[in-house]
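Each chain is listed here by its residues.
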Amino acid sequence: MKKFLSLALCVLMLAGCLSLFACGSKTYEIAVVTDVGQLMDKGFNQGTYEGAKKYAEDNGKTYKYYQPANGSNATDEDRIAAMKQAINNGAKIIVTPGFLQETAITTVAKENPDVKFVFIDGWDLGLANVIGVSYKEQESGYLAGYAAVMEGYTKLGFTGGGGGSNPACNRYGFGFVQGAAAAAKAQGKDITVKFSFQNGSTFSASDALQSQIAGWYQNGTEVVFSCGGSMFDSVVAAANTFENAKIVGVDVDQSSQSDRVITSAVKGLSASVEYILGQIYADKWAEMGNSANLGAADDATGLPTDTFTQTLKKWTLDEYNALYAQIKNGTLVPASETPADANSGDWLNTWLSQNNYTNVTIDFE
């Protein structure tokens, strides 16, 4: 009898332990699977995560981030593994920043049709459970170029990531030239813009890029728009060797990373992630379709206003807001179409000529 009671007690204790384990295990409904690099990168990963975090905390949802193995050297297999781990932990929505996520999203989304994927800085993958969120980078680029010229700079530079084949960087650069040209025309100035995708194919810092940009500064370039991940570090290193060299940052407000930054062409990453998650939980997935293209009308592009008066001294915040309002209401629409391979200056010169901007000289490298 004692043995029976002892055995029964053990069974009850085991059942209790299993029940406790089941109740104690936690699932995470919203997952962020980061791009290459670290979570708090002051860029795409951080902005995306902060948007998901804020939405989740404001709306009582559980959330967790997952960093693929191997950091900046993460492979598609690493990203796939991170997404599958998120699903195993209960993810119903996976938010993924960065165009490098395409293969992993496609693979995992096909295997998990009940999980929704938000492809930040992505595009339509033709899958019913994936939405690609892209941005009107030409709007932010336009405002940054306009700001640079209104600050009094006439010798500008643009260095872009992706080797001329990344649509986002191409739009940023195109917008930058348009805004600079418009401001120069309004002020009756002539300007030059050095324009290059050299040394940016991997979006990474490099000695070659630093040497190139240092050469620009050495030869009179006053401000360089650095457009592409950690390429920013090489541009900062080059600028730091010249007393008056300035920089335009990208994606997020990069003024805290260098006192050489006069402004940044930003995307409202956090706000746009909050918006998309809100649409999903409002059962508007079908209404959104497979893609969303966000811009000033969605408060998703522009220049940072919190630090505006700290970094820009001649162009006022009121003047910026007036120009921004024109883009937001559609009165001013910066052109967006660029070649699939923008690795030539001919298309820029053609556009400038067709639009009567004779005050701009493009020096393409």
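Worth saying up front: this structure is predicted, and the values here are computed from it rather than measured.

A word on the confidence of the model for the protein chain. Averaged over every residue, the pLDDT of the protein chain is 91; residues scoring 70 or more account for 93%. Counting contacts from residues 1-24, a segment whose pLDDT is below 50, to residues more than four positions away or on other chains yields zero contacts.

What follows is about the pattern of salt bridges. Inspection of the entire model under this criterion finds 13 salt bridges. Linking Lys54 and Asp58 is a salt bridge whose minimum nitrogen-to-oxygen distance equals 2.8 Å. Placement of the pair is Lys54 and Asp58 together in helix H2 (residues 44-58), with a separation of four residues, close to one helical turn. A salt bridge links Lys54 to Glu274, with the nearest nitrogen and oxygen atoms 3.8 Å apart. Pair noted here: Lys54 is in helix H2 and Glu274 is in helix H9 (residues 269-281), with a separation of 220 residues, a long-range link. With relative accessibility at 40%, the residue Lys54 sits in the partly exposed group.

Here we come to the packing of helix H5 (residues 137-150) against helix H6 (residues 167-187). Across the interface, H5 lies against H6 with an axial gap of 6 Å and an inter-helix angle of 35 degrees. Like other packed secondary-structure pairs, H5 and H6 cross with a definite hand, here right-handed. Among the residues forming the contact of H5 with H6, the class breakdown is 13 nonpolar, eight polar and two charged.

As for its position among the elements, Gly228 is in the loop between strand E8 (223-227) and helix H8 (231-239). Separated by 20 residues in sequence, Gly228 and Val248 have C-alpha atoms that sit 12 Å apart. With sequence-adjacent residues up to four places away left out, Gly228 is seen in contact with Phe203 and Val250.

The next point concerns the packing of aromatic side chains. Overall, the coordinates contain 23 aromatic pairs when judged by the stated rule. Ring centres of Tyr49 and Tyr65 lie 5.4 Å apart, and the angle between their planes is 80 degrees; this geometry places the pair in the edge-to-face category. Taken together, the residues span a long stretch of sequence, with Tyr49 in helix H2 and Tyr65 in strand E2 (residues 63-66) at a distance of 16 residues. Here Tyr65 falls in the partly exposed class, since its relative accessible area comes to 35%.

Here the largest pocket defines a volume of roughly 810 Å³. In terms of lining residues, the largest pocket is bounded by 33 residues, among which Asp35, Phe203, Gly228, Gly229 and Ser230 are the most central. For the lining of the largest pocket, the elements supplying multiple residues, two or more each, are H2, H6, H8 and strand E9 (246-251). At three residues, H6 tops the list of elements feeding residues into the lining of the largest pocket. Residue classes in the lining of the largest pocket are distributed as 12 nonpolar, 14 polar and seven charged. Looking at the second largest pocket, its volume works out to about 520 Å³.

A separate point is the pairing of strand E7 (residues 191-196). Residues in a regular strand project their side chains so that they alternate between the two faces of the sheet. Counting buried positions along E7 yields five of six residues, so the element is predominantly enclosed. By the bridge criterion, five bridges tie strand E6 (residues 155-160) to E7 in an arrangement that is parallel. Counted as the bridge partner of Thr159 is Ser196 from E7. Crossover connection from E6 via H6 to parallel E7: handedness right-handed. Sheet topology places E7 next to strand E13 (residues 360-364); five bridges connect them, and they run parallel. What sits directly across from Ile191, in E13, is Val360.

What follows deals with unusual backbone geometry. In the Ramachandran plot, Asp283 falls in the positive-phi region, its phi being about 60 degrees despite a non-glycine side chain. Since its relative accessible area comes to 69%, Asp283 is described here as exposed. The residue Asp299 is not glycine, and still its phi comes out positive at about 60 degrees. With respect to the helices and strands, Asp299 occurs in the loop between strand E11 (291-294) and strand E12 (301-302). Using a relative accessible area of 45% as the deciding quantity, one classes Asp299 as partly exposed.

Quick look at H8 now. Burial analysis of H8 places seven of its nine residues in the buried class, the great majority of the element. Taken together, the buried positions of H8 are occupied by Met231, Phe232, Ser234, Val235, Val236, Ala238 and Ala239. The secondary structure elements touched by the buried residues of H8 are E6, helix H7 (207-218), E8, E9 and strand E10 (261-267).

Conventions and cut-offs
- Counting from 1, residues in each chain are numbered in the order their sequence is written.
- Confidence filtering applies because this is a predicted model: local features only for residues at pLDDT of at least 70, side-chain atom pairs given and counted only at 80 or more, and all residues used for totals across whole chains, interfaces and linings.
- Each side-chain value is worked out from all heavy atoms of the structure, with water and hydrogens disregarded.
- Per-residue confidence from the predictor is reported as pLDDT, which spans 0 to 100.
- Only heavy atoms matter for contacts: two residues are in contact if any of them lie within 4.5 Å across the pair.
- We define a salt bridge as a contact between a side-chain nitrogen of Lys or Arg and a carboxyl oxygen of Asp or Glu at a distance within 4 Å.
- Secondary structure elements are taken from DSSP: a helix is a run of H or I of four residues or more, a strand is a run of E of two residues or more, and numbering for both begins at the N terminus.
- Using a 1.4 Å probe on the protein chains alone, a residue whose accessible area is under 20% of its type maximum counts as buried, one over 50% counts as exposed, and one in between counts as partly exposed.
- The axes used here are C-alpha line fits, helices contributing only the stretch in contact, and every angle between their N-to-C directions lies in the interval 0 to 180 degrees.
- When the near helix sits turned anticlockwise from the far one by under a right angle, the crossing is termed left-handed; a clockwise turn instead gives a right-handed crossing.
- Each residue gets one label: Ala, Val, Leu, Ile, Met, Phe, Trp, Tyr, Cys and Pro are nonpolar, Asp, Glu, Lys and Arg are charged, and the others, such as Gly, are polar.
- Two aromatic rings from Phe, Tyr or Trp, using only the six-membered ring of Trp, form a pair when their centres are within 6.5 Å; if the ring planes differ by under 30 degrees the pair is stacked, by over 60 it is edge-to-face, and anything between is tilted.
- A 1.4 Å probe that fits into a set of points on a 1 Å grid over the protein atoms alone but cannot get out defines a cavity; an open set with protein on both sides within 12 Å along at least five of seven lines defines a pocket, and lining residues are those with an atom within 4 Å of a point.
- Grid points are joined across faces, edges and corners, and a volume is the space filled by probe spheres set on the points.
- Two strands form a pair only when DSSP identifies at least two bridges running between them.
- A right-handed crossover is one whose linking path, passing over the helix from the first strand to the second, runs clockwise when the strands point away from the viewer.

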